[in-house]
Structures are given as structure tokens and as C-alpha cells.
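Coordinate analysis (summary)
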Amino acid sequence: MILRPLVLSAALTFGLSGCIINVNGAGMESFDYHRTSALSLDATGLNGLEAETGAGALTIEGVEGLSQITLEANIYGYDGVEPELTLMRDGDQAKLVANFDSFYRVSFNGSSPYIDIVMKVPASMMLDIEDGSGSIDIKGVDANMTIKDGSGSIDIDGGKNVVIDDGSGSIVLANVDGNINLDDGSGSIEVSSVKGDVVINDGSGAMTVVDIAGKVTIDDGSGGIEVNNTQGLNIIEAGSGDLSFNNINGPVSMN
């Protein structure tokens with residue numbers, strides 16, 4: 001497949017703008033170009049967003065009553081290495097692809113091309129995200145989320161049932177209206193204000209879990225663990241590091 005700049009579907013109506021900024025601008029010493037682009041998609045009849053993103057920051061804001069998905073992208077790359085950036089409808093799903101050809105040239109200092117994305121979606125839209133690297137920041141979405149992430153921080157405020165498979169990077173989850181199932185390789189974890197159960201399988205990094213309306217289950221390799229105000233606690237493995245828990249209003253078990 002030949003990738004071209006900003007691949008668009010002729011069957012859809014998009015709002016698109018792009019520009020090339022001087023490669024010698026601030027923060028641009030490593031790249032040949034910086035392009036900015038905007039896409040939009042009618043959200044009527046759509047109940048989910050499937051996103052496949054490579055390197056770069058991903059920011060998603062859920063907005064009540066929003067009738068269109070909007071996207072703004074900042075693309076940093078090299079001459080002759082073109083990104084794929086598409087936002088299209090597939091049945092009742094919106095599909096986002098934002099990535100570079102895997103055979104891109106790397107500059108002398110090892111910097112890889114990347115795409116920073118800021119999106120607004122209807123608050124009720126479910127999210128299914130597969131991300132390579134870079135931060136993920138989600139707020140205002142009142143729906144189920146599934147996230148598979150390679151590296152980079154994850155910060156989520158809101159959501160219903162949240163499932164995360166993460167390689168590395170800090171994770172902050174707050175104000176979740178359902179259950180959390182988190183499988184994490186490394187990095188600190190902070191979980192607060194959850195109305196369901198929390199299950200954490202963690203490799204390494206400090207962990208704080210507070211104000212959970214359901215039961216907390218933890219399987220941890222290394223790093224301190226602090227749990228406060230839950231309806232039960234099951235420690236499958238605490239690994240190495242300090243363990244403290246308070247205000248557990250239910251059964252406590254440690255294997």
C-alpha cells in the first residue's frame with residue numbers, strides 16, 4: 001500500500017486544512033516539516049470510535065450533544081515519508097488511523113515522526129484505542145473504553161467500564177462509573193472515585209487506589225501499594241514494596 005499525505009475517502013465530507021511550517025522553527029530542528037490538519041465526521045448513528053494511532057499524543061474530549069467528531073492534528077515528519085491520517089465511517093463505528101509508514105527514515109539524532117491529535121467526540125461514544133507511544137488524555141466520555149497502549153502516560157477522567165492493557169508509563173484513572181480492569185507493565189498507578197470493582201495486574205511502580213465502591217483485586221510485582229476506602233480487598237501478590245490499607249468495608253484476603 002502506498003501511503004499519501006492525509007488520505008481521505010471521497011464518499012465522506014471532511015473539513016481539512018494543512019500547512020507546512022519552516023523546518024527551522026522552534027522545536028522543529030529534527031524534522032523536515034510540520035503540517036496541521038483538521039478532519040470532521042458526522043456522528044449521526046455512530047456509537048463507537050476505533051482508533052489505531054502510532055507515535056504522538058492523543059487527546060479526546062467527550063462533549064454532550066455533539067453531532068460531529070472533530071479532529072485537529074499536528075504532524076511532524078521527514079521529506080519523502082508521508083503519514084496516513086483518515087477518519088471515516090464503518091457501519092455504526094467511526095474509524096481513525098493516524099500513523100506513518102513503518103519503513104520511515106530516522107534522522108541523525110534518532111527522532112521518529114509523530115502525529116499529535118486532539119479530538120472531540122459525543123460523550124456517549126464508546127472508545128476502542130490501539131496506540132503505539134505517546135500520552136493519552138481522555139475526559140468527558142461517559143462510555144465503555146478499551147485501550148491497548150505501548151508506552152506513554154494515560155490520564156482518564158470519566159468513563160464507564162474501562163479495560164487497559166499498557167506497556168509502560170504512568171496511569172491516572174478517576175471518576176469511573178463502572179469497573180476497571182488494568183494490566184500494566186511498569187509505571188505508577190493512581191485510581192480514585194470508581195463506582196465498580198477494580199482489578200489491577202501490575203509489573204512495577206507505586207500504586208494508590210482510593211474511594212472504590214466495589215472490591216479491589218491486586219496482583220503486583222514491585223512497588224508500594226496504598227489502598228483506602230473500598231468494599232473489599234484481595235491481594236493476590238504484593239511483590240516487593242510497602243503495603244498499606246485502611247477503611248476496607250468488606251473482606252480482606254492476602255495470598
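Here the structure is a predicted model, which means the values were calculated and not measured.

This part takes up the pairing of strand β12 (residues 162-168). Looking down a regular strand, the side chains alternate between one sheet face and the other. Bridge analysis of strand β10 (residues 145-151) against β12 gives six bridges, and the strand direction is parallel. When the bridges of β12 are listed, Asp149 appears paired with Asp166. Bridging between β12 and strand β14 (residues 180-186) involves six bridges; their strand directions are parallel. Counterpart to Val163 in the pairing with β14 is Asn181.

Core analysis: the biggest nonpolar cluster contains 61 residues, and Ile60, Leu96, Met119, Ile138 and Val191 have the highest contact counts within it. Looking at which element gives the most residues to this core, the answer is strand β4 (residues 68-77), with five residues. In this structure, Ile138 is in contact with Ile60, Leu127, Ile129, Met145, Ile147, Asp155, Ile156 and Asp157, ignoring residues within four places of it in sequence.

This next bit is on the side chain of Asp202. Tracing the chain through its elements places Asp202 in strand β16 (residues 198-204). Comment: no salt bridge for buried Asp202; closest opposite-charge side chain is Lys148, at 17 Å. The contact partners of Asp202, leaving out residues within four places of it in the chain, are Asp184, Gly185, Gly187, Ile189, Met207, Asp219, Asp220, Gly221 and Ser222.

With respect to topology, 11 strands assemble into an open sheet ordered β1-β4-β7-β3-β9-β11-β13-β15-β17-β19-β21, the strand pairing being mixed. The sheet is open, and its two borders are formed by β1 (33-42) and β21 (243-248), each paired with just one other strand. Pairwise comparison of adjacent strand axes, ignoring direction, gives a mean angle of 5 degrees for this sheet.

Here the focus is the packing of aromatic side chains. What the rule picks out here adds up to four aromatic pairs. Aromatic ring contacts, followed pair by pair, group Phe31, Tyr76, Tyr78 and Tyr114 into a single cluster. The ring of Tyr33 is capped by Arg35, whose NZ or CZ atom sits 3.9 Å from the centre of that ring.

A low pLDDT score tells you not to read the predicted coordinates there in detail. Scored by pLDDT, the protein has a mean of 87; 85% of the residues are at 70 or more. Confidence drops under a pLDDT of 50 for residues 1-27, and excluding neighbours within four residues, the segment shows 56 contacts in the predicted structure.

Take the sheet that holds strand β6 (residues 93-100) next. One open sheet holds the 11 strands; their spatial order is β5-β6-β2-β8-β10-β12-β14-β16-β18-β20-β22, and the pairing between them is mixed. With partners counted over all chains shown, the strands left at the sheet margins are β5 (83-90) and β22 (252-254), one partner each. Across this sheet, the average inter-strand angle for adjacent strands is 5 degrees, counted without regard to direction. By the bridge criterion, eight bridges tie β5 to β6 in an arrangement that is antiparallel.

Okay, a nonpolar patch on the surface next. The grouping of Phe245, Val252 and Met254 at the surface amounts to a nonpolar patch, some 250 Å² of accessible area in total. For Val252, the position within the fold is in strand β22. Taking the relative accessible area as the measure of exposure, Val252 reaches 39% and is therefore partly exposed.

About the thresholds
- Residues numbered from 1 in each chain as written.
- Predicted model: local features only at pLDDT ≥ 70, side-chain atom pairs only at ≥ 80, totals over all residues.
- Heavy atoms only, no water.
- Pairing = 2+ DSSP bridges.
- Helix = DSSP H or I, 4+ residues; strand = E, 2+ residues; numbered from the N terminus.
- Core = buried A, V, L, I, M, F, W, Y, C linked by side-chain atoms within 4.5 Å.
- Buried < 20%, exposed > 50% of the residue type's maximum accessible area, 1.4 Å probe, protein only.
- Contact = heavy atoms within 4.5 Å.
- Lys, Arg positive; Asp, Glu negative; His and termini not counted.
- Salt bridge = Lys/Arg side-chain N within 4 Å of Asp/Glu carboxyl O.
- Axes fitted to C-alpha atoms, helices over the stretch in contact; angles between N-to-C directions.
- Phe/Tyr/Trp six-rings, centres within 6.5 Å; stacked < 30°, edge-to-face > 60°.
- Lys NZ or Arg CZ within 6 Å of the ring centre and 35° of its normal.
- pLDDT = per-residue confidence, 0-100.
- Patch = residues over 30% accessible without salt bridge, like charges linked within 9 Å, V, L, I, M, F, W, Y side chains within 5 Å.
- Areas by Shrake-Rupley, 256 points an atom, 1.4 Å probe, with all protein chains shown as cover.

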